[in-house]
Amino acid sequence: MQLSKAITNLLYDHDCVTIPGFGSFIINESSAKYIDKENKFYPPGKYVSFNPLIKSNDGLLANYISRKRSISYEESLKKIHSRVVKWKKILSQENLYVQGIGEFILNDSENIIFTADKNLNFSKESFGLRPVSYTHLRAHETSLHLVCRLLLE
């Protein structure tokens, strides 16, 4: 099982998933919102942020991997540690993209900056809802023009 898949699975049911020695993904609830510069409406949901200061093992991820792969807790910790070492090595040289979660960048001050994938929503209630693009209509467009334009998009 990929570590990224284990993390995303856990984020649907838990508000915090800690990767020992790396940091924690934290779920934040959000109401529906409109982002003007993107011309998009985002559905209500649960979106992920990252805190690099929370690194202590809480056992959640290791226990999950242990159960899913039928391996010992200690072996799952070793696998997590191995992946964290790889992530840190990649991050020291280039940006790190974790599938299904987002992108990490190491800034000039050696701080980890996380950008979540905006299309991911960890709310089971909003499952399947996607952001919707919005186009401002000009006053002189007739309803026939509008229908044709919407059909062609």
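Residues numbered from 1 in each chain as written. Predicted model: local features only at pLDDT ≥ 70, side-chain atom pairs only at ≥ 80, totals over all residues. Heavy atoms only, no water.

1. Focus on the pairing of strand β1 (residues 16–19)
The side chains of a regular strand alternate, residue by residue, between the two faces of the sheet. Of the strand pairs in this sheet, β1 and strand β2 (residues 23–30) are connected by four bridges, and their pairing is antiparallel. When the sheet's bridge partners are listed, T18 is paired in β2 with S24. Joining the antiparallel neighbours β1 and β2 is a turn of three residues, in which G21 adopts a positive phi near 85°. (Pairing = 2+ DSSP bridges. Helix = DSSP H or I, 4+ residues; strand = E, 2+ residues; numbered from the N terminus.)

2. Quick look at the sheet that holds β2
Read across the open sheet, the three strands follow the order β1-β2-β5; overall the sheet is antiparallel. On the outer flanks of this sheet lie β1 and β5 (45–51), each paired with one strand and no other. Within the sheet, the average angular offset between the axes of one strand and its neighbour, ignoring direction, is 25°. When β2 meets β5, the two strands line up antiparallel, connected through seven bridges. Paired with I27 across the bridge in β5 is V48. Across the face of the sheet, helix α1 (residues 3–11) comes into contact with β1, β2 and β5 while running at roughly 155° to β1. (Axes fitted to C-alpha atoms, helices over the stretch in contact; angles between N-to-C directions. Contact = heavy atoms within 4.5 Å.)

3. Points about the sheet that holds strand β3 (residues 33–35)
On the basis of which strands lie adjacent, the open sheet formed by three strands has the order β3-β4-β9 and antiparallel pairing. In the strand order of this sheet, the two ends are held by β3 and β9 (132–133), each with one partner.

4. Points about the packing of α1 against helix α2 (residues 60–69)
Contact geometry for α1 and α2: axes closest at 10 Å, N-to-C directions at 110°. As summarised for this structure, α1 and α2 are arranged roughly perpendicular, according to the angle between their axes. Along this stretch, α1 crosses α2, giving a crossing that reads as right-handed. Counting all contacts with α1, which are made through L3, A6, I7, N9 and L10, the residues of α2 involved are L60, L61, Y64 and I65. Class assignment of the residues belonging to the contact of α1 with α2 gives a composition of eight nonpolar, one polar and no charged. (Parallel < 35°, antiparallel > 145°, perpendicular 65-115°, else oblique. Left-handed = near helix turned anticlockwise from the far one by under 90°. Nonpolar A, V, L, I, M, F, W, Y, C, P; charged D, E, K, R; others polar.)

5. Some words on the packing of aromatic side chains
Any aromatic ring pair is given by two values, namely how distant the centres are and how the planes are angled relative to each other. Enumeration according to the criterion identifies nine aromatic pairs in this entry. Their ring planes at 65° and their centres at 6.0 Å tell us that F25 and F104 sit as a pair that is edge-to-face. Of this pair, F25 sits in strand β2 while F104 sits in strand β7 (residues 102–106); the two residues are 79 residues apart in sequence, bridging distant segments of the chain. Pair check on accessibility: F25 and F104 agree, each one buried. A ring pair is formed by F25 and F114, whose centres lie 5.7 Å apart and whose planes are at 70°; its orientation type is edge-to-face. Of this pair, F25 sits in strand β2 while F114 sits in strand β8 (residues 112–116), and the two are 89 residues apart along the sequence. The two residues F25 and F114 agree in class, both being buried. (Phe/Tyr/Trp six-rings, centres within 6.5 Å; stacked < 30°, edge-to-face > 60°. Buried < 20%, exposed > 50% of the residue type's maximum accessible area, 1.4 Å probe, protein only.)

6. Notes on unusual backbone geometry
The phi dihedral of S70 falls on the positive side, at around 55°, and the residue is not glycine. Within the secondary structure, S70 sits in the loop between α2 and α3 (73–93). Phi at E110 takes a positive value of approximately 65°, unusual for a residue other than glycine. Note on placement: E110 falls in the loop between β7 and β8.

7. What to know about the nonpolar core
Looking at soluble globular proteins, one finds that nonpolar side chains tend to be buried together. Among the nonpolar cores identified, the biggest contains 26 residues, and I7, F22, F25, L61 and F104 are the most heavily contacted of them. Of all the elements in the fold, those that place two or more residues in this core are α1, β1, β2, β5, α2, α3 and β6 (96–98). Tallying contributions element by element places α1 first for this core, with five residues. Those residues in contact with L61 that sit more than four places away from it in its chain are L3, A6, I7, L10, T18, I19, P20 and I80. (Core = buried A, V, L, I, M, F, W, Y, C linked by side-chain atoms within 4.5 Å.)

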